[in-house]
Amino acid sequence: MSAPAIGVLALQGDVREHLAALAAAGAVAGTVRRPEELAEVEGLVIPGGESTTMSKLAALFGMLEPLRTRVAAGMPVYGTCAGMIMLAEKILDPRSGQETVGGIDMIVRRNAFGRQNESFEAAVEVAGVEGGPVEGVFIRAPWVESVGAEVQVLAEYGGHVVAVRQGVALATSFHPELTGDHRLHRFFTDMVRSVQ
């Protein structure tokens, strides 16, 4: 099997953990901060962090339009937590000036599961991921309010959608990179291989 080149958007957030999880999943992982680095990867992870800050830094680094262009052209992309918000077409209660990359026809609610001190872990059954539930780490996590017809719901928790896929775009409310379970990163790496 090939080892696809997958970048992690390294503007803000838990970049190191994603790099380690992608390497364990069989990818060649590297950081992406500039448009020329984005051009060299076959897929991209947008990590958790603070979605408003990430949006502003993406604009500052000249990354928003290149990201939108690559995602619209079919580059595989996986967003976790704040990354899920970045992949949404619409955010409920966005902060002033907050922008998204888009790519998944969904509306998300920021911090839907509560504040930092209300963070929790839970077992989540994710469609297409074999081997039983994954451990979901929810930290100021969003949830998906609604999805378009092309979006496949992969997981729900507490009656709310927490994992979705549209084509080669994947998003989870939670952080699989913090658990040592690399199945979701393998799932995404296989998505990247499918379009090589």
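What comes next concerns the included structure. (Residues numbered from 1 in each chain as written. Predicted model: local features only at pLDDT ≥ 70, side-chain atom pairs only at ≥ 80, totals over all residues. Heavy atoms only, no water.)

Quick look at the overall build of the protein
Counting its secondary structure elements, the protein contains 6 helices and 12 strands. Over its C-alpha trace the protein gives a radius of gyration of 15 Å, about what one expects of a compact globule, namely 16 Å for 196 residues. The dimensions of the protein, computed from C-alpha atoms along their principal axes, are 40 × 40 × 35 Å. Across the 196 residues that make up the protein, the buried fraction comes to 51%. The contacts of the protein with a sequence gap of at least 6 include a subset with a gap of at least 24, amounting to 65%. Total accessible area computed for the protein in this model is approximately 8300 Å², and 49% of it derives from carbon and sulfur atoms. Charged side chains in the protein number 16 positive and 23 negative. The centres of these two groups are separated by 5 Å. (Helix = DSSP H or I, 4+ residues; strand = E, 2+ residues; numbered from the N terminus. Rg over C-alpha atoms; globule rule 2.2 N^0.38 Å. Buried < 20%, exposed > 50% of the residue type's maximum accessible area, 1.4 Å probe, protein only. Contact = heavy atoms within 4.5 Å. Areas by Shrake-Rupley, 256 points an atom, 1.4 Å probe, with all protein chains shown as cover. Lys, Arg positive; Asp, Glu negative; His and termini not counted. Charge placed at Lys NZ, Arg CZ, Asp CG, Glu CD.)

Focus on the environment of Ser96
Inspection of the secondary structure assignment puts Ser96 in the loop between β5 (88-92) and β6 (104-109). Looking at Ser96, the relative accessible area reads 69%, which means it is exposed. Linking Ser96 and Ala5, residues 91 residues apart in sequence, is a C-alpha distance of 34 Å.

Things to note about helix α3 (residues 51-60)
The set of residues buried in α3 consists of Ser51, Thr52, Met54, Ser55 and Ala58. The buried residues of α3 occupy one face: seen down the axis, they fall within an arc of 165 degrees. Each element contacted by the buried residues of α3 is listed here: β3 (43-46), α4 (64-72) and α5 (82-87). The residue sitting at the N-terminus of α3 and contributing the capping side-chain oxygen is Glu50; that oxygen lies 3.1 Å from the backbone nitrogen of Thr52. (Arc of directions from axis to C-beta. Polar contact = N/O pair within 3.5 Å; in protein donor to acceptor, adjacent residues only side chain to side chain.)

Comments concerning the side chain of Asp181
Take Asp181: it is sitting in the loop between β12 (169-172) and α6 (183-194). Side chain to side chain, Asp181 and Arg183 meet in a polar contact 2.6 Å long. Dropping the residues within four chain positions of it, Asp181 is found in contact with Val134 and Pro176.

Comments concerning the nonpolar core
For soluble globular proteins, nonpolar side chains are generally found buried alongside one another. If you look at the biggest cluster of nonpolar residues, it comprises 32 residues, and the most contacted ones within it are Leu44 and Met106. Those elements giving two or more residues to this core turn out to be β3, α3, α4, α5, β5, β6, β11 (160-166) and β12. The element contributing the most residues to this core is α5, with 5 residues. Apart from the residues within four sequence positions on either side, Leu44 is in contact with Ile6, Gly7, Val8, Leu9, Val32, Leu38, Leu67, Met75, Pro76, Val77, Tyr78 and Phe188. Residues Ala112, Ala122, Val124 and Val162 belong to the second largest nonpolar core, which totals 30 residues. (Core = buried A, V, L, I, M, F, W, Y, C linked by side-chain atoms within 4.5 Å.)

Points about the side chain of Glu37
With respect to the element layout, Glu37 can be found in helix α2 (residues 35-38). Discounting chain neighbours no more than four positions away, the residues touching Glu37 are Thr31 and Val32.

Digging into helix α1 (residues 15-24)
Taken as a whole, α1 has its buried residues at Val15, His18, Ala21 and Leu22. Mapping the buried residues of α1 onto a view down its axis gives an arc of 130 degrees, with all of them on the same face. Buried positions along α1 lie against β1 (5-9), β2 (28-32), β3, β4 (77-80) and α6. Backbone geometry just downstream of α1 places Gly26 in the positive-phi region, at approximately 95 degrees.

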